[in-house]
Amino acid sequence: MAANIDLLIDKMCDKKEEEAYIYADELAEIGGEEVLNKLLMVLKGEDIESAYLAARALSAMENNQEALAPLLEVIHDKNNKMKNGTFVQALEGFDLSEKFVDILRIYLFGNFKASFLAKDYLDYTEFDITPRTIKKAEKHWKHYQNNSKQDEAFEIKKEETESILNDLKAMFDE
């Protein structure tokens, strides 16, 4: 089985392979800890295209929650800021209920695609929120306010973020 997994990983990462995503999907179907660990190595590797395919496979796997933290690390990596939309898209295969602050950070600091997808997660995911979560979110919001140019995009994010934070605070004021 291990040889088969290695062969599928090699084919998924092969630049000459026109339909490499098929191998990513096969790996997701096989699943298991061995596949998860090998895909995490590809996700954290230097080749961005192979990392995208690894994220796709990880997203589609069952029992994949262990891969969420490494995927978020890749998303938050400053080197990937302008090309992390595909990684953010892979988040749809994970339980994000405890990751409100991470999703808010992606919304605030991500590129257009990442920010758009994160806003969708913010709107449609049921998060586990505590007062501490709100404080952490406010910290990132302040950091964004202090380090962003005050343009039209900023005003849109300001309106959205303040609305979200006010709604969350109101839950605890009742």
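Structure: above.
Residues numbered from 1 in each chain as written. Predicted model: local features only at pLDDT ≥ 70, side-chain atom pairs only at ≥ 80, totals over all residues. Heavy atoms only, no water.

Novice: Explain the nonpolar core here, please?
Specialist: A general feature of soluble globular proteins is that nonpolar side chains tend to end up buried together. Grouped together as the largest cluster of nonpolar side chains are 56 residues, with contacts concentrated most on Leu39, Leu91 and Phe100. In terms of residue count, helix H7 (residues 100-109) provides more of this core than any other element does, seven residues in total. Look past the residues within four positions of Phe100 in its chain and what remains in contact with it is Leu122, Phe127, Ile129, Thr133, Ala137, Ile164 and Leu168. (Core = buried A, V, L, I, M, F, W, Y, C linked by side-chain atoms within 4.5 Å. Buried < 20%, exposed > 50% of the residue type's maximum accessible area, 1.4 Å probe, protein only. Helix = DSSP H or I, 4+ residues; strand = E, 2+ residues; numbered from the N terminus. Contact = heavy atoms within 4.5 Å.)

Novice: Which parts of the structure should I look at to understand the pattern of salt bridges?
Specialist: Opposite charge on two side chains makes pairing possible when the charged atoms of those side chains draw close. By the definition in use, this model includes nine salt bridges. With a shortest N-O distance of 3.8 Å, Lys15 and Glu49 are connected by a salt bridge. With Lys15 in the loop between helix H1 (2-13) and helix H2 (20-30) and Glu49 in helix H4 (residues 48-60), this pair connects stretches of sequence that are 34 residues apart. Of the charged contacts, one joins Lys119 and Glu160 as a salt bridge, the two residues approaching to 2.9 Å between their closest N and O atoms. Within this pair, whereas Lys119 is found in helix H8 (residues 112-124), its partner Glu160 is found in helix H10 (residues 152-173), the two being separated by 41 residues in sequence. We classify Glu160 as partly exposed; its relative accessible area is 29%. Sharing partners across several salt bridges, the network here consists of Asp6, Glu34 and Lys38. (Salt bridge = Lys/Arg side-chain N within 4 Å of Asp/Glu carboxyl O.)

Novice: Please clarify how the packing of H7 against H10 should be interpreted in this entry.
Specialist: Two quantities define a packed helix pair, namely the angle between the helix axes and the distance between the axes. Between H7 and H10, the least distance of the axes is 11 Å, while the angle of their chain directions is 165°. With respect to H10, the element H7 is oriented roughly antiparallel. Considering how the two elements wind past one another, H7 and H10 form a crossing that is left-handed. Taken together, the residues of H10 that come into contact with H7 (itself represented by Phe100, Leu104, Tyr107 and Leu108) are Ile156, Lys157, Glu160, Thr161, Ile164 and Leu168. Class assignment for the residues of the contact of H7 with H10 results in seven nonpolar, one polar and two charged. (Axes fitted to C-alpha atoms, helices over the stretch in contact; angles between N-to-C directions. Parallel < 35°, antiparallel > 145°, perpendicular 65-115°, else oblique. Left-handed = near helix turned anticlockwise from the far one by under 90°. Nonpolar A, V, L, I, M, F, W, Y, C, P; charged D, E, K, R; others polar.)

Novice: Help me understand the packing of aromatic side chains, please; the structure alone is not making it clear to me.
Specialist: Any two aromatic rings considered together are summarised by their centre-to-centre distance and by the angle between their planes. A full pass over the atoms with the stated rule returns seven aromatic pairs. With 6.5 Å between their ring centres and 20° between their planes, Phe112 and Phe116 make a pair best called stacked. Highlighted residues: Phe112 and Phe116, both in helix H8, separated by four residues, approximately one helical turn. You'll find Phe112 and Phe116 in the same group, each marked exposed. Judged by centre distance (5.8 Å) and plane angle (15°), the rings of Tyr144 and Phe154 are stacked. Of the two residues, Tyr144 sits in helix H9 (residues 131-146) while Phe154 sits in helix H10, which places them 10 residues apart along the sequence. Just above the ring of Tyr107 sits the side chain of Lys157; from NZ or CZ to the centre is 5.4 Å. (Phe/Tyr/Trp six-rings, centres within 6.5 Å; stacked < 30°, edge-to-face > 60°. Lys NZ or Arg CZ within 6 Å of the ring centre and 35° of its normal.)

Novice: I tried to follow the side chain of Ser97 on my own but got confused; where do I start?
Specialist: Its location among the elements puts Ser97 in the loop between helix H6 (85-90) and H7. One polar contact links Ser97 to Asp95, side chain to side chain, over a distance of 2.8 Å. In this structure, Ser97 is in contact with Thr125, Glu126, Phe127 and Asp128, ignoring residues within four places of it in sequence. (Polar contact = N/O pair within 3.5 Å; in protein donor to acceptor, adjacent residues only side chain to side chain.)

Novice: Looking at this model, I keep getting lost on the packing of H9 against H10. Mind explaining?
Specialist: Viewed as axis vectors pointing N to C, H9 and H10 meet at an angle of 160°, and their least axial separation amounts to 11 Å. The angle between H9 and H10 falls in the class roughly antiparallel. When the axes of H9 and H10 are compared, the crossing they make is left-handed. Facing H9, whose interface residues are Pro131, Ile134, Ala137, Glu138, Trp141, Tyr144 and Gln145, H10 presents Phe154, Lys157, Lys158, Thr161, Glu162, Leu165, Leu168, Lys169 and Phe172. Taken together, the residues of the contact of H9 with H10 break down into nine nonpolar, two polar and five charged.

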